[in-house]
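If you want the building blocks of each chain, they are given just below.
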Number of protein chains: 2
Amino acid sequence: MNDAILGAIEGGGTKFVCAVGFSAERVLERVVIPTEGPATTLAAVMEFFSSAERTHGPLRAFGIASFGPLDLRGGSPAFGRLMNTPKAGWSGTDLIGVFRRRWGVPIGMDTDVAGAALAELKLGAGRNVRSVAYVTVGTGIGAGFAPAFWTGARLLHPEVGHLRVRRHSEDGEFPGVCPFHGDCVEGLAGGPAIRLRWGQELDALDPSHPAWAIEGHYLGQLIASIALVASPERIILGGGVMSNGRLLPHVQRAARDFLNGYVEPLNDGGALERYIASPGLGDQAGLAGAFLLAEQANSGQ
Amino acid sequence: MNDAILGAIEGGGTKFVCAVGFSAERVLERVVIPTEGPATTLAAVMEFFSSAERTHGPLRAFGIASFGPLDLRGGSPAFGRLMNTPKAGWSGTDLIGVFRRRWGVPIGMDTDVAGAALAELKLGAGRNVRSVAYVTVGTGIGAGFAPAFWTGARLLHPEVGHLRVRRHSEDGEFPGVCPFHGDCVEGLAGGPAIRLRWGQELDALDPSHPAWAIEGHYLGQLIASIALVASPERIILGGGVMSNGRLLPHVQRAARDFLNGYVEPLNDGGALERYIASPGLGDQAGLAGAFLLAEQANSGQ
């Protein structure tokens, strides 16, 4: 039983979810703050934690799981800052400094998807395996890994949404929407690409619409790439585009085609379907991950 | 100073290099054994170590860095065996059991490329960074990472040679040579693909030949994929196809095009050229890696 009161921040492009509590399962107070400019939003975040601390007692550690890209390089003078992000006004924002200055307690920080991966590994769809990737498919496409590796000792956190993929034969003309790459995975298969190409959300399209196979083709390649490079024991697919469950079988089918029997542990009946899984925590993974990052920071991990 | 005598095995598709010594820099005896059938080759390997032990004294640990794919899953009953490999006769061979039964000392085992990555990190082109990928481009294409992560807790070791890549516009017809995937990276850009497509080694082709840009295109995509998924602080490119150094600038140029400024730490002048580097240890990395695996096993890491 952990008796330390922790602060958890899930920083997203549309909202910051903040909570204080002993753990993700024992939350004392929680608030949702819309993501506006960084000064306005961070002031509201600080006010929430100051107020919650007066109510519940001193905060021992913070966990921050945020959208990125983030500078998480050990020893970097910009550690904890947002790098160039399409989110207007947020590039260069120091997300960790305000907590350091105001509280001076241990702070664990990672990307939102790394937090979700940690939460799924400890509490969700990864409980019976030893390593996971958590892939989110929404406005952006990204992935995090747990257990964390090369913490502070890597070039950048994973940015798998920007992988180039082989085009689907029925999707040759669409240029993609990524401002950096055009037709990387995120540029071809994220929410904005779906809406621009087909004029509506995937869920609104008939099951016979080619969009399903095209989405599956790109995401299946992404899954195959993660399996061949990092090779976690499970890959968990979350985010708004995945949320109704109808897309997952298309992704599994495409991943099977791309791997084509090469990865032996996936060749047993049903193994690949278990490998590419739905989240166990739904939209709770981000905040739960922030609590776990705070716990790790508090215990000196 | 390490006073334990260690055994090191670099298992390759054409030869097994075996040595005993205190470290890679202090080798007492070394032998090269051609890779024939597993029974013949492993008998010669065992005979070398038995004889060396009589000469130099008891072996305290072994390190094995071998071609794969290998079963390295913790708790697997087939741990240390080769999985399905195109190397005739070797599928299913137990590479670790003979050492366990004959010596009963600690054994560190990983892929040949993981061993090379470890050696480059500790002793070679990765000495001034904190994490590396070592990519070999020869008959096969593969990569290893160091420091090792998810040891024993992953689906399979990295198999980056089997990533699908976007085709080069002047290379649309060649079907590729991979028996599993046809035109994965290895099927398009490994030594056999070069010889089949252009009738000779890359080195024999004029600098104006399109082969250079085509090879660079595929390998640059591979490098970009590794940078976006695992994101080591340096990627070291070795193997026979890379050995004369003329291909590296083509790879760097293509990787820059694929990343297109997205990975900020690579945007400073010269950063990308330092990021994608030549090996520091040349063809010594494999055996040096095997010694380091033996040292880790001996010290209980």
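Every chain is numbered on its own, with residues counted from 1 as its sequence reads. Just so you know, chain letters begin at A and ligand numbers begin at 1, following the order they were written in. For this predicted model, a pLDDT threshold of at least 70 governs which residues receive local features, and a threshold of 80 or more governs which side-chain atom pairs are given and counted, while totals over whole chains, interfaces and linings are taken from all residues. Each side-chain value is worked out from all heavy atoms of the structure, with water and hydrogens disregarded.

## A short note on the side chain of serine 131 of chain A
- Numbering of helices and strands runs from the N terminus; a helix is a DSSP stretch of H or I covering at least four residues, while a strand is a stretch of E covering at least two. Looking at where serine 131 of chain A falls in the secondary structure, it is placed in the loop between α3 (112–123) and β6 (132–137).
- Since its relative accessible area comes to 0%, serine 131 of chain A is described here as buried.
- Polar contact criterion, stated in full: a pair of N or O atoms within 3.5 Å, where within protein one must be able to donate a hydrogen and the other to accept it, and residues adjacent in sequence count only if both atoms are side-chain atoms. For serine 131 of chain A, the side chain forms a polar contact with the main-chain nitrogen of glutamate 233 of chain A, separated by 3.0 Å.
- In what follows, a contact means two residues having at least one pair of non-hydrogen atoms within 4.5 Å. What serine 131 of chain A contacts, discounting residues up to four positions off in sequence, is Leu121, Ala146, Pro147, Pro232, Glu233 and Arg234 of chain A together with Trp150, Ala153 and Arg154 of chain B. Buried means the residue's accessible area, taken with a 1.4 Å probe over protein chains only, is under 20% of the maximum for its type, while exposed means over 50%, and partly exposed covers the values in between.

## Regarding the pattern of salt bridges
- A side-chain nitrogen of Lys or Arg and a carboxyl oxygen of Asp or Glu constitute a salt bridge if their distance falls within 4 Å. A full pass over the atoms with the stated rule returns 21 salt bridges over all chains.
- With a closest N to O distance of 3.7 Å, arginine 54 of chain B and glutamate 47 of chain B form a salt bridge.
- Residue classification places arginine 54 of chain B among the exposed positions, given a relative accessible area of 62%.
- For glutamate 47 of chain B, a relative accessible area of 46% corresponds to the partly exposed category.
- Across the pair aspartate 171 of chain B and arginine 197 of chain B runs a salt bridge whose closest N-O atoms are separated by 2.7 Å. On the criterion of sequence distance, the pair formed by aspartate 171 of chain B in the loop between β7 (141–146) and α4 (185–189) and arginine 197 of chain B in helix α5 (residues 191–198) is long-range, its members being 26 residues apart.
- The class for aspartate 171 of chain B is buried, based on a relative accessible area of 4%.
- We classify arginine 197 of chain B as buried; its relative accessible area is 17%.
- Members of the salt-bridge network, linked through shared partners, are Arg166 of chain A together with Arg167, Asp171, Asp183 and Arg197 of chain B.

Interpretation note: all reported values are geometric properties and have no functional meaning in isolation.
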